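Inside the fold
This is what each chain is made of:
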Amino acid sequence: EKFIKIVYEKWKTKLPAIPEKHPNEEDMAALVENRLSFSESARIKEHIIACLECGQKLALAIKLESMPETEPPDKLLQESRDLIERVISSQTLEILLEVKDKVLDLLNTTGAVLVGQELFPAAVLRSRKIKDFKDEITILKDFRNIRVEIKLIVKESDNFDLLVAIKDKHDQALKNELRVSLFKKDVELESYLCATGKVSFEHVVLGRYTVEIYDLEDKLASILIDIKANKNDPG
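Residues numbered from 1 in each chain as written. Predicted model: local features only at pLDDT ≥ 70, side-chain atom pairs only at ≥ 80, totals over all residues. Heavy atoms only, no water.

Focus: the overall build of the chain
- When helices and strands are counted, the chain shows six helices and 13 strands.
- The 235 residues of the chain split such that 31% are buried.
- Once local pairs closer than 6 in sequence are excluded, the contacts in the chain between residues at least 24 apart make up 52%. (Helix = DSSP H or I, 4+ residues; strand = E, 2+ residues; numbered from the N terminus. Buried < 20%, exposed > 50% of the residue type's maximum accessible area, 1.4 Å probe, protein only. Contact = heavy atoms within 4.5 Å.)

So, in C-alpha cells, the structure goes:
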C-alpha cells in the first residue's frame, strides 16, 4: 500500500491543474449507487483520480463489510518480489569485468555487446564462450526512452577511460541536456551536463562505480560497473 501511494503521488504531480469545482456529496452518493450517466460518471472518476481530497471523500462514502485479516499467500508474495526485481533490473545496466594488461574479460552483463559491427545479447556471447576483448568493449542497453552506450577502453593495466553515449531509443539521435554523474561508494566523483549526447570519464582506476543519467525531473538510467584485476594477474 505504501509503494502504491508513493507511485500515485509522483504520478499525480505531473497531471494538469485540477479544476476548482469538486463533486458534491450528492454526486458522490450517485456515483457509489451507480445512478449517473456514463459520461457524468467518467467525468467524476477522472476528477477523483487526480484529486486527493475527493478521493478521500469517496473512500469515506463507500462502506465495506469488515473482513478478517489474513496473511497473503507465499506464492503471491514471491510473484510480487519477482515483479519488483524485474522492474528494478530493467532500469539498471550491470557490467562485471576483469582486466589484465589490455585484455578485458567480460564476466557478466545485463546489456548487449557490440562485436565489430554486430550486436550480441550477453547470453549469446556466453553460449559461444566469447568473453575476451582486447583494448576496449562496448555494451548497450535500452531504457524507457533512451539507449545508453557504454565504452570501456583500457589505458594501462590499472586504469581505463569510460565513455557514455546517450541516444533516443527510437530514432538513435544523440540526446542532450542530460546530466551524467560518476559515483564510487556513493561519493560523486564527476558530473557533467551533457550538451552533445556524449560524456567521457578519463583515467578511472579499477573498482566499483555507478553512472547515473538524469533529465530535469527523473533518473533515467543507472549503470553499475565493477572492474577488477584478473585473478591470474600476478600484479
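Details of the sheet that holds strand β5 (residues 132–134)
- Sheet architecture is open: seven strands sit in the order β5-β2-β1-β13-β12-β9-β10, paired in mixed fashion. Looking at the sheet topology across the chains shown, the edges are occupied by β5 and β10 (187–194). Going from strand to strand, the sheet's axes swing by 25° on average, the running direction of each strand aside.
- One ladder, built from six bridges, connects strand β1 (residues 92–100) with strand β2 (residues 103–109); its direction is antiparallel. Following the sheet pairing, Leu97 is matched in β2 by Leu106. (Pairing = 2+ DSSP bridges. Axes fitted to C-alpha atoms, helices over the stretch in contact; angles between N-to-C directions.)

A look at the packing of helix α2 (residues 25–32) against helix α3 (residues 38–50)
- Running from N to C, α2 and α3 cross one another at 110°; their axes reach a closest spacing of 11 Å. In terms of orientation, α2 and α3 fall into the roughly perpendicular class. Between α2, through Asp27, Met28 and Leu31, and α3, the contact on the second element is made entirely by Ser41, Ile44, Lys45 and Ile48.
- A per-class count over the contact of α2 with α3 returns four nonpolar, one polar and two charged. (Parallel < 35°, antiparallel > 145°, perpendicular 65-115°, else oblique. Nonpolar A, V, L, I, M, F, W, Y, C, P; charged D, E, K, R; others polar.)

Focus on the layout of surface pockets
- Taken as a whole, the second largest pocket encloses approximately 250 Å³ of empty space.
- Lining the second largest pocket we find 17 residues, and of these Arg208, Tyr209, Thr210, Leu224 and Ile225 sit closest to its centre.
- Only β1, β2, β9 (178–184), β12 (207–214) and β13 (219–229) provide two or more residues apiece to the lining of the second largest pocket.
- If one sorts the elements of the lining of the second largest pocket by residue count, β12 sits on top with four residues.
- Counted by class, the lining of the second largest pocket contains six nonpolar, four polar and seven charged residues. (1 Å grid on protein atoms, 1.4 Å probe; cavity = no way out; pocket = protein on both sides within 12 Å on 5 of 7 lines; lining within 4 Å. Points joined across faces, edges and corners; volume = space filled by probe spheres on them.)

A look at the sheet that holds strand β4 (residues 118–121)
- In space, the six strands of this open sheet follow the order β4-β3-β6-β7-β8-β11, with antiparallel pairing throughout. Edge positions in the open sheet fall to β4 and β11 (198–205), since each of these has one partner strand only. With strand direction ignored, the average angle separating the axes of adjacent strands in the sheet is 25°.
- Where strand β3 (residues 112–115) and β4 come together, four bridges link them in antiparallel fashion.

Just distances and angles here, no functional claims.
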